Amino acid sequence: MFIWNRRGWSVGKVLFAPTRYIPFILIPLTLFSTFSTNIKVDTCEGLLYFLVFLEVVAITLSEVTFGLRAYAMWNQNRAVLVTYCCVATAYIASLVFILQSFLPSVTYGEAPLAIISGCYKTGGSSIVFASFVVIMLTEAVTTTLTLYRAYWHFRHTPNALIQNMTRDGVFYCVSMFLMSVANVLLIFLVPLQYGDMIAVYQTVVHTMLATRMQLHLRKINQHTYLVDPFGEQSLAPMSFTRSTFLADM
């Protein structure tokens, strides 16, 4: 209920709408920049800035969505909230610095062959790889918090909601981690023109997984109340009696 309140608007619903539908803007613009003919350099530069902006917004909203899930698993613990606030500050500051260095370095020119359509990149800094590293580190925080909470508090709890949040959360983070690794490898191993070939794909998968798992979570919650409203156990209370992980934060 904290993630997706069925009555009125909630944080989960506000996050869901833009995360879900940004790809419907991102994909057509990407296709346009890839397959258009006689496209001007100024148009390519403008598209680059706008596409990067959409990608950053989509991935950030997806990360916030899964951070919200982890925050809910920790019963809205203040220490977890402070942790995420620190991570968010470092995340935004790092991306701003990286993109300020990367975007002005990208140049476009005429393709060597007439059959090559779209914007032809002729130069660009490889510092953009650091943005994927930042994403990986952010997802590592969510994965750690999710796995720790699930292992120490919910491994013996037959709760479908918790099982779903743990399984889907870990699957999401591992999938995005691998895609970030693939993007970093492409930046260094293939020619400049192909270094970002799956960047948009990663953004779209980010949004698909984040919103689909949010819908899945709501479905399981509704099924729980319809089938057996008293059969599922609630979140285990926070324990401050053990000295593990700073007394469970």
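First, a word on what this report is: a plain description of the structure on this page. (Residues numbered from 1 in each chain as written. Predicted model: local features only at pLDDT ≥ 70, side-chain atom pairs only at ≥ 80, totals over all residues. Heavy atoms only, no water.)

### So, a nonpolar patch on the surface
- Together, Ile-25, Phe-50 and Phe-53 give the surface a local cluster of nonpolar side chains, amounting to about 300 Å² of exposed area.
- Counting through the fold element by element, Phe-53 comes out in helix H3 (residues 41–73). (Patch = residues over 30% accessible without salt bridge, like charges linked within 9 Å, V, L, I, M, F, W, Y side chains within 5 Å. Areas by Shrake-Rupley, 256 points an atom, 1.4 Å probe, with all protein chains shown as cover. Salt bridge = Lys/Arg side-chain N within 4 Å of Asp/Glu carboxyl O. Helix = DSSP H or I, 4+ residues; strand = E, 2+ residues; numbered from the N terminus.)

### Notes on the side chain of Thr-65
- Positionally, Thr-65 belongs in helix H3.
- Looking at Thr-65, the relative accessible area reads 2%, which means it is buried.
- Among the polar contacts made by the side chain of Thr-65, one reaches the main-chain carbonyl oxygen of Leu-61 at a distance of 2.8 Å.
- The contacts of Thr-65, once residues within four sequence positions are left out, are Leu-15, Thr-19, Ala-210 and Gln-214. (Buried < 20%, exposed > 50% of the residue type's maximum accessible area, 1.4 Å probe, protein only. Polar contact = N/O pair within 3.5 Å; in protein donor to acceptor, adjacent residues only side chain to side chain. Contact = heavy atoms within 4.5 Å.)

### Some points on the environment of Phe-171
- For Phe-171, the location among the structural elements is in helix H6 (residues 160–189).
- Once the C-alpha coordinates of Phe-171 and Leu-209 are considered, the two residues, 38 residues apart in sequence, prove to be 9.3 Å apart.

### So, the nonpolar core
- Ranked by size, the top nonpolar core spans 23 residues in total, and within it Leu-48, Tyr-91, Leu-103 and Phe-132 carry the most contacts.
- Counting only elements with at least two residues in this core, the list comes to H3, helix H4 (78–102), helix H5 (129–153) and H6.
- In this view, Leu-103 contacts Leu-48, Tyr-49 and Val-52; residues no more than four positions away in its chain are not counted.
- If you look at the next biggest cluster of nonpolar residues, it comprises 17 residues, including Leu-51, Ala-58, Leu-61 and Val-200. (Core = buried A, V, L, I, M, F, W, Y, C linked by side-chain atoms within 4.5 Å.)

### Some points on the state of the cysteines
- The tally for this structure, following the rule as stated, stands at one disulfide.
- Linked covalently through their sulfurs, Cys-44 and Cys-119 form a disulfide whose S-S length is 2.1 Å. For the disulfide bridge between Cys-44 and Cys-119, the dihedral angle about the S-S bond is near -95 degrees, and by the sign convention the bridge is left-handed. Taken together, the residues Cys-44 in helix H3 and Cys-119 in the loop between strand S1 (107–109) and strand S2 (120–123) connect sequence positions 75 residues apart.
- Looking at Cys-44, the relative accessible area reads 3%, which means it is buried.
- With relative accessibility at 21%, the residue Cys-119 sits in the partly exposed group.
- Free of any disulfide, Cys-86 has its nearest cysteine sulfur in Cys-85, 6.9 Å distant. (Disulfide = S-S within 2.5 Å.)

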